[in-house]
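Tertiary structure, described
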Amino acid sequence: MKAKLIKLAAAATLALGVSSAWAAGIMHQGEVLDTMNSGGYTYVQVKGEDKTFWAAGPQVDITKGDTVSMNEQMWMNDFTSSTLNKTFEELLFVGKIEKK
């Protein structure tokens, strides 16, 4: 039940788009190493300046090799996407993934 509530909170955060958390978030930028779309969301594996991480946001057209930027909203550990049948050890939820 707790995991379901956390997933609902994450979805609500994404649905809100620009919020006070979005405005105050840390900016992340990097090269897309991998990407997939599922359930209306885009998942991107990004190689940033100091770490490689997965992020998820509303679906956009992104391909491997693109440079993207996004503002940090919420990190989740051990997040399972039922539509991808994949668990992400660490996943950054964002309101928008922008191609540079």
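Cut-offs and rules
Residues numbered from 1 in each chain as written. Predicted model: local features only at pLDDT ≥ 70, side-chain atom pairs only at ≥ 80, totals over all residues. Heavy atoms only, no water. Helix = DSSP H or I, 4+ residues; strand = E, 2+ residues; numbered from the N terminus. Buried < 20%, exposed > 50% of the residue type's maximum accessible area, 1.4 Å probe, protein only. Areas by Shrake-Rupley, 256 points an atom, 1.4 Å probe, with all protein chains shown as cover. Core = buried A, V, L, I, M, F, W, Y, C linked by side-chain atoms within 4.5 Å. Contact = heavy atoms within 4.5 Å. Phe/Tyr/Trp six-rings, centres within 6.5 Å; stacked < 30°, edge-to-face > 60°. Lys NZ or Arg CZ within 6 Å of the ring centre and 35° of its normal. pLDDT = per-residue confidence, 0-100. Polar contact = N/O pair within 3.5 Å; in protein donor to acceptor, adjacent residues only side chain to side chain. Pairing = 2+ DSSP bridges.

**So, the overall build of the chain**
Looking only at helices and strands, the chain features 2 helices and 7 strands. Mapped in sequence order, the helices and strands of the chain form the string α-α-β-β-β-β-β-β-β. For the chain, the proportion of its 100 residues judged to be buried stands at 36%. Here the chain has roughly 5,800 Å² of accessible surface; of this, 51% comes from carbon and sulfur atoms.

**Looking at unusual backbone geometry**
Although it is not a glycine, Asp78 sits at a positive phi angle of roughly 50°. Tracing the sequence through the fold places Asp78 in strand β5 (residues 74-81). For Asp78, a relative accessible area of 57% gives the class exposed. With a phi angle near 55°, Asn85 is a residue other than glycine that sits in the positive phi range. The residue Asn85 is located in the loop between β5 and β6 (86-93) in this model.

**Structural notes on the nonpolar core**
Of all hydrophobic cores here, the largest spans 11 residues; its members are Val32, Val44, Val46, Phe53, Ala55, Ile62, Val68, Met70, Leu92, Val94 and Ile97. Broken down by secondary-structure element, the contributors of at least two residues to this core are β2 (41-47), β3 (52-58) and β4 (67-71). When residues no more than four places from it in sequence are discounted, the contact partners of Met70 are Ile26, Met27, His28, Val44, Val46, Phe53, Ala55, Leu92, Val94 and Lys96. The next biggest cluster of nonpolar side chains, apart from the first, holds 8 residues, and it includes Tyr43, Met76, Phe79 and Phe88.

**Re the packing of aromatic side chains**
Counted according to the given criterion, the structure contains 4 aromatic pairs. An aromatic cluster is present here, built from Tyr43, Trp54 and Phe88 joined pairwise through their rings. Looking at Lys51, its charged tip hangs above the ring of Trp75, at a distance of 4.6 Å from the centre. When the ring centre of Phe88 is taken as reference, the NZ or CZ atom of Lys86 above it lies at 5.3 Å.

**A few points about the confidence of the model for the chain**
Here the chain averages 84 in pLDDT, and 76% of its residues register 70 or above. This stretch, residues 16-23, has a pLDDT under 50; its non-local contacts, to residues over four places away or in other chains, come to 9 contacts.

**Details of the side chain of Ser38**
Within the secondary structure, Ser38 sits in strand β1 (residues 27-38). Judged by relative accessible area, which is 11%, Ser38 ranks as buried. A distance of 2.6 Å separates the side chain of Ser38 from the side chain of Thr83, its partner in a polar contact. The residues contacting Ser38, other than those within four sequence positions of it, are Tyr43, Thr83 and Leu84.

**Some remarks on the sheet that holds β5**
Across the sheet, which stays open at both edges, the 7 strands sit in the order β5-β6-β3-β2-β1-β4-β7 with mixed pairing between neighbours. Of all strands in the sheet, those with a lone pairing partner are β5 and β7 (98-99), marking the two edges. Across 7 bridges, β1 lies against β2 in antiparallel orientation. Along β2, the bridge assignment pairs Thr35 with Val44.

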